[in-house]
Amino acid sequence: IRFGANFKYGKFLRSHFLLEIDQIFDEDIVDGSGNGTDQNRFNLERYWIDVKWPNTPLRFRIGAELMQITQARQIRDDIPGFQVFLEFDQVDIWARAFIEVEGLKIGLGNDNDNIFYNFGANYTGMKGHKFQFDVIYFRNRFNQGQEDNIVHLVPSWTAKLGKISTLFEFNLALGNVKANG
């Protein structure tokens, strides 16, 4: 069962709230404790506030939403985050940070969060084509003393060629995983 509401004030402020009652196992920071045993519960599933400054290309969004990264939507989840966008006629640029897991586990100290950052841009100046480039940095200090530092580079292209839709996406992951034990 879901109940949602959208609010809009003028041309610059939007917000969204979604409440849910579900019966699923979920490892999500937004609507569960992250231990895989949550079920039959009432959740504040998605909530965000979006602010667009009038007469500027600047837009902010803060909250938790069904976030999707890359044109193929390889990375998607209901997680909290902060996003900054610059929106021009044919080019959009963004910087986003998402908290996948907050380091509140008993026995772990210091910096044990799983956060990832996304920087990207897209170009839509050619009719029917969209070029996008995403850089995603995964910084995980949470898994049993393991440290992950991975940069994911994702150039992509989508096009509508008559009745045919195309998607090309290349993925390159660089980084290291270090065990502290």
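To start, this report covers the structure provided alongside it. Source: prediction; values computed, not measured.

The subject of this paragraph is the packing of aromatic side chains. Scanning the model with the defined rule gives six aromatic pairs in all. Summarising the aromatic geometry, the rings of phenylalanine 60 and phenylalanine 82 are spaced 5.9 Å apart at their centres and angled 40° between planes, so their arrangement reads as tilted. In this pair, phenylalanine 60 sits in strand S4 (residues 58-69) while phenylalanine 82 sits in strand S5 (residues 75-87), placing the two residues 22 residues apart along the sequence. The exposure class of phenylalanine 60 is partly exposed, given its relative accessible area of 24%. Clustering of aromatic rings is evident, with ring pairs tying together Trp53, Phe60 and Phe82. The aromatic ring of phenylalanine 85 is capped on one face by arginine 59, whose charged end is 4.1 Å from the ring centroid. In this structure, arginine 61 packs its charged tip against the face of tryptophan 48, placed 3.7 Å from the ring centre.

Membership of the largest hydrophobic core is limited to seven residues, which are Met67, Ile69, Ile79, Phe98, Phe116, Ile136 and Val154. Not counting residues up to four positions away in its chain, the partners in contact with phenylalanine 98 are Met67, Ile69, Ile79, Pro80, Gly81, Gln83, Asn114, Ile115 and Phe116.

Enumeration according to the criterion identifies four salt bridges in this entry. Between aspartate 50 and arginine 59 there is a salt bridge whose closest N-O contact spans 2.4 Å. Classification of arginine 59 by relative accessible area gives buried; the value is 14%. Via salt bridges that share partners, Arg14, Asp50, Arg59, Arg61 and Glu87 belong to a single interconnected network.

A few words now on the layout of surface pockets. Approximately 450 Å³ is the volume attributed to the largest pocket. Around the largest pocket sit 20 residues that line it, and Gln68, Arg73, Arg96, Lys130 and Gln132 are the ones nearest its centre. Ranked by residues supplied to the lining of the largest pocket, first place goes to S4 with seven residues. In the lining of the largest pocket, the residues fall into six nonpolar, six polar and eight charged.

We now examine unusual backbone geometry. With a phi angle near 65°, asparagine 55 is a residue other than glycine that sits in the positive phi range. Residue position: asparagine 55 is located in the loop between strand S3 (41-52) and S4. Overall, asparagine 55 belongs to the exposed group, its relative accessible area being 84%.

Together, Leu86, Phe88, Val91, Ile93, Tyr123, Met126 and Phe131 make up a nonpolar patch on the protein surface, roughly 550 Å² of accessible area in all. By the element assignment, methionine 126 lies in the loop between strand S7 (114-123) and strand S8 (129-140).

Parameters and conventions
- Residue positions are given per chain, counting from 1 as you read along its sequence in written order.
- Under the rules for a predicted model, residues below a pLDDT of 70 receive no local features and side-chain atom pairs below 80 are neither given nor counted, while totals for whole chains, interfaces and linings still include all residues.
- To obtain the side-chain values, all non-hydrogen atoms of the structure were used and water was disregarded.
- To pair, rings of Phe, Tyr and Trp, with the six-membered ring standing in for Trp, must have centres within 6.5 Å; the planes then decide the type, stacked if under 30 degrees apart, edge-to-face if over 60, and tilted in the middle.
- Only runs of H or I of at least four residues qualify as helices and only runs of E of at least two qualify as strands under DSSP, and these elements are numbered from the N terminus.
- Working definition: with a 1.4 Å probe on protein chains only, accessible area under 20% of the residue-type maximum means buried, over 50% means exposed, and in between means partly exposed.
- Lysine NZ or arginine CZ positioned within 6 Å of the ring centre and within 35 degrees of the ring normal marks a charge as sitting over the ring.
- What is meant by a nonpolar core is a set of buried Ala, Val, Leu, Ile, Met, Phe, Trp, Tyr and Cys residues, joined one to another through side-chain atoms within 4.5 Å.
- Here, residues are in contact when the closest pair of their heavy atoms is within 4.5 Å.
- Whenever Lys or Arg places a side-chain nitrogen within 4 Å of a carboxyl oxygen from Asp or Glu, that contact is recorded as a salt bridge.
- The distinction between a cavity and a pocket rests on a 1 Å grid over the protein atoms alone: a 1.4 Å probe fits inside a cavity but cannot get out, while a pocket stays open yet meets protein on both sides within 12 Å along at least five of seven lines, and a residue with an atom within 4 Å of a point counts as lining.
- Grid points are joined across faces, edges and corners, and a volume is the space filled by probe spheres set on the points.
- Lys, Arg, Asp and Glu make up the charged group, whereas Ala, Val, Leu, Ile, Met, Phe, Trp, Tyr, Cys and Pro make up the nonpolar group; the residues left over, Gly among them, are polar.
- For patch detection, residues must exceed 30% relative accessible area and be free of salt bridges, and they are connected within 9 Å for like charges or within 5 Å for nonpolar side chains (Val, Leu, Ile, Met, Phe, Trp, Tyr).
- Calculation of accessible area relied on Shrake-Rupley with a 1.4 Å probe; when residues are assessed, cover is drawn exclusively from the protein chains displayed.

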